[in-house]
Amino acid sequence: MTEQTGRTGRTTPRANSQASAGELLALVRSGRATTRGALQQATGLSRATVGQRLDRLFRAGWLREGAGGPVDSPLGGRPSITLEFDDEHAVVLAADLDTRHARAAVLTLTGEILAEHTGTLVVEDGPDAVLGELGGWFAGLLDRAGRDAGEVCGIGLAVPGPVDRDTGRVVQPPIMPGWDGYDIRSRLGRAVTERTGAGPVPVLVDNDANLMAYAEQRAQHPGVSAFVLVKVSTGIGAGVVVDGAIYRGVDGGAGDIGHIRVPEGARALCRCGSHGCLAAVASGGAVARRLTEAGVPAASGSDVRHLLAVGHPEAVALAREAGRLVGDVLATVVTLLNPGVLMIAGDLAGTPFLTGVRELLYQRALPRSTAHLQIVTSKLGERAGLIGAGALVVDHLYAPERVEERLLALGV
């Protein structure tokens with residue numbers, strides 16, 4: 001579809017007599033045009049041409065007819081038949097890696113989780129072992145979901161480190177030793193093929209905070225044009241979604257706020273090798289270390305989460321202090337990006353931490369930057385990364401230009 005810019009500065013669709021089958025599918029998936037008549041109006045295509053292009057999508061199994069919609073003509077007549085994206089013709093495999101555990105699932109093309117598994121998976125064991133284990137997890141999940149390996153159309157993976165989008169490789173990840181520059185796509189694809197019998201499919205990799213932000217913004221705040229999610233677990237990272245798209249920076253490093261230097265951390269050694277990083281004093285791992293030093297055993301951010309859940313006073317106090325440190329940094333983030341929603345997620349995302357964030361953020365940020373800001377916690381919870389990874393795969397596979405390539409490959 002071509003677009004034109006109106007007086008408001010927003011882009012609006014313009015009729016395009018060359019609109020492809022992929023662009024028709026995009027209109028249906030977005031809900032902007034869900035009948036043959038609406039597609040004609042949106043694209044300027046003739047009825048016959050719309051019918052021919054829709055026929056290709058039906059033959060591929062990607063579209064189905066739904067219930068009757070409103071009558072197109074003011075003179076009455078039969079209700080128009082609505083068109084729907086058929087989310088049952090394939091499934092997506094998705095996984096979300098943390099430092100000491102992982103979550104994997106089989107999802108429909110609209111993000112419904114059909115089968116899910118959570119277990120211990122230590123990222124420090126290295127990519128070959130971890131990705132090989134994930135292949136076995138996916139094999140069991142397909143069996144539980146009652147889906148065949150041939151139905152898998154793509155794989156999505158969320159990782160706790162910066163990712164180069166073009167290569168799918170993590171770049172100097174502070175908490176993923178041994179993963180820097182590793183060919184994750186090839187190894188995970190091979191592991192899935194070996195363990196499930198699935199043929200080669202696209203493998204997409206992205207930062208966990210990015211994918212969490214992508215999922216949360218789409219599910220809970222679709223009308224918000226600037227959205228920021230901050231994940232505070234073993235480390236600290238942020239995902240930014242602008243106008244519905246993930247903002248990654250030039251090489252995937254956007255949002256890595258855990259390695260901003262703060263005065264309070266001058267003596268604290270971060271896992272990246274530097275002193276003074278925010279993550280070294282305010283992450284779940286940092287709070288766990290301070291609790292252990294105070295005689296309260298805690299090995300990770302997940303242990304801190306459990307202590308916060310029962311109201312442990314030392315954990316509550318340290319979480320609030322950590323929130324204040326993060327809030328100080330977020331004052332700059334909010335002033336720079338002016339988001340409509342700031343979402344806090346991860347192990348520390350509870351009332352004490354959120355209270356600390358609000359205290360410093362509203363104190364340090366310009367009132368103009370926070371006048372319309374909502375500060376909220378995650379709605380999708382621990383599944384946000386999975387759902388975001390699945391959505392990334394689906395949006396990649398059903399982008400208009402890729403739809404054309406895939407239809408030709410299918411011979412339709």
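Here the structure is shown first, and the text comes after it.
To keep things clear, this report deals only with the structure shown in the data block. This one's a predicted model, so the numbers in the text were calculated from it and none came from an experiment. One numbering rule holds for all chains: residues counted from 1, following each sequence as written. Reporting of local features is limited, given that this is a predicted model, to residues whose pLDDT is at least 70; pairs of side-chain atoms are given and counted only at 80 or more, and all residues count toward the totals for whole chains, interfaces and linings. Side-chain measures here rest on the full set of heavy atoms in the structure, leaving out hydrogens and waters.

### Quick word on the environment of Leu-204
Step number 1: With respect to the element layout, Leu-204 can be found in strand β11 (residues 203–207).
Step number 2: The buried label applies to any residue whose accessible area, calculated with a 1.4 Å probe on protein chains only, is under 20% of its type's maximum; exposed applies above 50%, and partly exposed to all values in between. Its relative accessible area of 13% is what places Leu-204 among the buried residues.
Step number 3: When the C-alpha atoms of Leu-204 and Leu-157 are compared, they prove to be 6.3 Å apart, with 47 residues separating the residues in sequence.
Step number 4: Two residues form a contact once any of their heavy atoms are found within 4.5 Å. What Leu-204 contacts, discounting residues up to four positions off in sequence, is Ile-155, Gly-156, Leu-157, Leu-392, Val-393 and His-396. Starting at the N terminus, helices and strands are each numbered in turn, a helix being any DSSP run of H or I of at least four residues and a strand any DSSP run of E of at least two.

### Describing the packing of helix α3 (residues 47–60) against helix α14 (residues 400–410)
Step number 1: Whenever a helix is involved, its axis is fitted only over the stretch in contact; in every case the axis is a line through C-alpha atoms, and angles between N-to-C directions fall within 0 to 180 degrees. Direction vectors running N to C along α3 and α14 enclose 65 degrees, while the axes themselves pass 11 Å from each other. The pairing of α3 with α14 is recorded here as roughly perpendicular in orientation. As α3 packs across α14, the resulting crossing turns out to be left-handed. Residues Arg-56, Leu-57 and Ala-60 of α3 lie in contact with α14, whose contacting residues are Val-403, Glu-404, Leu-407, Leu-408 and Leu-410.
Step number 2: Residues of the contact of α3 with α14, tallied by class, amount to six nonpolar, no polar and two charged. Angle categories: roughly parallel below 35 degrees, roughly antiparallel above 145, roughly perpendicular from 65 to 115, and oblique for all the rest. By the definition used in this description, the sense in which the near helix is turned from the far one sets the handedness, with an anticlockwise turn below a right angle giving left-handed and a clockwise turn giving right-handed. Note on residue classes: Ala, Val, Leu, Ile, Met, Phe, Trp, Tyr, Cys and Pro are nonpolar, Asp, Glu, Lys and Arg are charged, and everything else, Gly too, is polar.

### Examining the packing of helix α1 (residues 21–30) against α3
Step number 1: Where α1 meets α3, the closest approach of the two axes is 9 Å, and the angle between their N-to-C directions is 80 degrees. In terms of orientation, α1 and α3 fall into the roughly perpendicular class. Only Val-50, Arg-53, Leu-54, Arg-56 and Leu-57 of α3 make contact with α1, whose side of the interface consists of Ala-21, Leu-24 and Leu-25.
Step number 2: Tallied by class, the residues present in the contact of α1 with α3 amount to six nonpolar, no polar and two charged.

### A look at the side chain of Glu-116
Step number 1: Relative to the elements of secondary structure, Glu-116 occurs in strand β7 (residues 113–120).
Step number 2: For the purposes of these results, a polar contact is taken to be a pair of N or O atoms within 3.5 Å, where, inside protein, one atom must be able to donate a hydrogen and its partner to accept one; residues adjacent in sequence count only when each atom of the pair is a side-chain atom. Of the polar contacts made by the side chain of Glu-116, one reaches the side chain of Arg-383; its length is 2.6 Å.
Step number 3: Setting aside chain neighbours within four positions, we find Glu-116 in contact with Arg-103, Ala-104, Ala-105, Leu-141, Arg-144, Arg-383 and Leu-386.

### What to know about the nonpolar core
Step number 1: Here, nonpolar core refers to any group of buried Ala, Val, Leu, Ile, Met, Phe, Trp, Tyr and Cys residues whose side-chain atoms link them within 4.5 Å. With 45 residues, the main nonpolar core has Val-230, Ile-236, Leu-291, Leu-330, Leu-342 and Leu-361 as its most contacted residues.
Step number 2: Breaking this core down by element, the ones donating at least two residues are β12 (226–232), β13 (236–242), α7 (278–282), α8 (284–293), α9 (301–309), α10 (313–337), β15 (341–345) and α11 (351–364).
Step number 3: Sorting elements by how many residues they give to this core places α10 first, with 11 residues.
Step number 4: Once residues lying within four places of it in the same chain are set aside, the contact partners of Leu-291 are Val-296, Ala-298, Val-304, Leu-307, Glu-314, Ala-315 and Leu-318.

### Considerations on α9
Step number 1: Restricting attention to buried positions, one finds in α9 the residues Gly-301, Ser-302, Val-304, Leu-307 and Leu-308.
Step number 2: Where the residues of α9 are buried, they touch α8, α10 and α11.
Step number 3: Of the residues trailing α9, Gly-311 is marked for its positive phi of about 75 degrees.

### A closer look at the packing of aromatic side chains
Step number 1: We call Phe, Tyr and Trp rings a pair once their centres come within 6.5 Å, taking the six-membered ring for Trp, and we label the pair stacked below 30 degrees between planes, edge-to-face above 60, and tilted otherwise. Going through the model one piece at a time under the given rule, you end up with two aromatic pairs.
Step number 2: Taken together, a centroid distance of 5.1 Å and an interplanar angle of 75 degrees make the contact between Phe-85 and Tyr-398 edge-to-face. Of this pair, Phe-85 sits in strand β4 (residues 81–85) while Tyr-398 sits in the loop between α13 (384–397) and α14; the two residues are 313 residues apart in sequence, bridging distant segments of the chain. Tyr-398 matches Phe-85 in its accessibility class, with the two residues each being buried.
Step number 3: Three or more aromatic residues joined by ring pairs make a cluster, and in this case those are Trp-62, Phe-85 and Tyr-398.
Step number 4: In this structure, Arg-29 packs its charged tip against the face of Phe-85, placed 5.2 Å from the ring centre.
Step number 5: To sit over a ring, a charge needs its Lys NZ or Arg CZ within 6 Å of the ring centre and within 35 degrees of the ring normal. Between Arg-218 and the ring centre of Tyr-214, over which it is positioned, the NZ or CZ distance is 4.9 Å.

### Focus on unusual backbone geometry
Step number 1: The phi torsion at Gln-172 lies on the positive side, around 45 degrees, for a residue other than glycine.
Step number 2: With respect to the helices and strands, the residue Gln-172 is situated in the loop between β10 (169–170) and α5 (184–196).
Step number 3: The phi dihedral of Asp-243 falls on the positive side, at around 50 degrees, and the residue is not glycine.
Step number 4: Examined against the element boundaries, Asp-243 turns out to sit in the loop between β13 and β14 (245–246).

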